[in-house]
Amino acid sequence: GEVVYTEKNAHDGAIWCIDLRRPTTEQPNVALVTGSADKTVKFWEVEAQEDDETPMLAHTRTLEMSDDVVAVRYSHSTDSTKRMVFVSSLDSTIKVFFDDTLKFFLSLYGHKLPALAVDSSDDDTILASSGADKTIKIWGLDFGDTHRTLHGHQDSITDLRFVKRTHNFFTASKDGTVRYWDGDRFEQIL
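The structure presented is a predicted model; accordingly, all values stated were derived computationally and were not measured. (Residues numbered from 1 in each chain as written. Predicted model: local features only at pLDDT ≥ 70, side-chain atom pairs only at ≥ 80, totals over all residues. Heavy atoms only, no water.)

> Hey, could you run me through the pattern of salt bridges in this one?
When charged atoms on two side chains of opposite charge get close, those side chains can pair. Taken as a whole and assessed by the stated rule, the structure comprises 8 salt bridges. In this structure, Arg73 engages Asp19 in a salt bridge whose closest nitrogen and oxygen atoms are separated by 3.3 Å. Residue Arg73 is located in strand β5 (residues 69-74), and its partner Asp19 is located in strand β1 (residues 15-21); the two are separated by 54 residues in the primary sequence. The shortest N-O distance in the salt bridge between Asp99 and Arg21 comes to 3.8 Å. With a gap of 78 residues between them, Asp99 in the loop between β7 (94-98) and β8 (104-108) and Arg21 in strand β1 connect regions that are remote in the sequence. (Salt bridge = Lys/Arg side-chain N within 4 Å of Asp/Glu carboxyl O. Helix = DSSP H or I, 4+ residues; strand = E, 2+ residues; numbered from the N terminus.)

Set out below in structure tokens:
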């Protein structure tokens, strides 16, 4: 229960989000991505120091954005050439980049207020986003088309997570409710 490492001044502004990239055979190190009010997304590798087993963060890349970063998430692909990074910013857009090259892939427009949470299904075919506009949007990751907009919460939706091996997901909101949704039939389950 003790702090073993601290990265001071990781960003120049408030850090709003963090996500973890799990190790694969191609990329054995655990990696982190952070998004900040300083309009950057930073990528970090978790490395063990040679003298002992204490981990430390090594800053590897920075992605400059045009607005404050509200949410950032890795896709679930284990193929490093297909893994994507989803970045939601204060301008109410979600941008999709390829993780290996940081090459821009898609820009998703449609939320009236910033998307506070994003997540993709395990098979990386759909992305769900939820936000301060009280809506959930289901996007296709082939072309960035909006499959459906879902309503149900009475206040900002603060988080969203897919259930493994399904297109079902949970949302949590400032209205005090947790809701369970079917991303294929576009309806609330519970």
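Next, the rest of the story.
> Can you walk me through the environment of Val46 in this structure?
Mapped onto the secondary structure, Val46 falls in strand β3 (residues 40-48). A sequence separation of 102 residues divides Val46 from Arg148, and the C-alpha atoms of the two residues are 38 Å apart. Discounting residues that sit within four places of it in the chain, Val46 has contacts with Asn29, Val30, Leu32, Pro55, Met56 and Leu57. (Contact = heavy atoms within 4.5 Å.)

> Where do I start with the layout of surface pockets in this structure?
Summary: where empty space remains is shown by rolling a probe the size of a single water molecule over the atoms. Within this model, the largest pocket holds a volume of roughly 450 Å³. Of all the secondary-structure elements, those providing two or more residues to the lining of the largest pocket are β1, β5 and β13 (157-162). In terms of residues, the lining of the largest pocket owes the most to one element, β1, which gives 3 residues. Residue composition of the lining of the largest pocket, grouped by class: 5 nonpolar, 5 polar and 9 charged. (1 Å grid on protein atoms, 1.4 Å probe; cavity = no way out; pocket = protein on both sides within 12 Å on 5 of 7 lines; lining within 4 Å. Points joined across faces, edges and corners; volume = space filled by probe spheres on them. Nonpolar A, V, L, I, M, F, W, Y, C, P; charged D, E, K, R; others polar.)

> Would you explain the nonpolar core in this entry?
Across soluble globular proteins, you tend to see nonpolar side chains buried next to one another. Within the largest apolar cluster, 14 residues are counted, with the highest numbers of intra-cluster contacts made by Val41, Phe43, Leu63, Met65, Val72 and Val87. At the level of elements, β2 (31-36), β3, β5 and β6 (84-89) are the ones that each hand at least two residues to this core. Looking at this core element by element, the count peaks at 3 residues for β5. Contact partners of Met65, with chain neighbours within four places excluded, come to Lys39, Val41, Val87, Lys95 and Phe97. (Core = buried A, V, L, I, M, F, W, Y, C linked by side-chain atoms within 4.5 Å. Buried < 20%, exposed > 50% of the residue type's maximum accessible area, 1.4 Å probe, protein only.)

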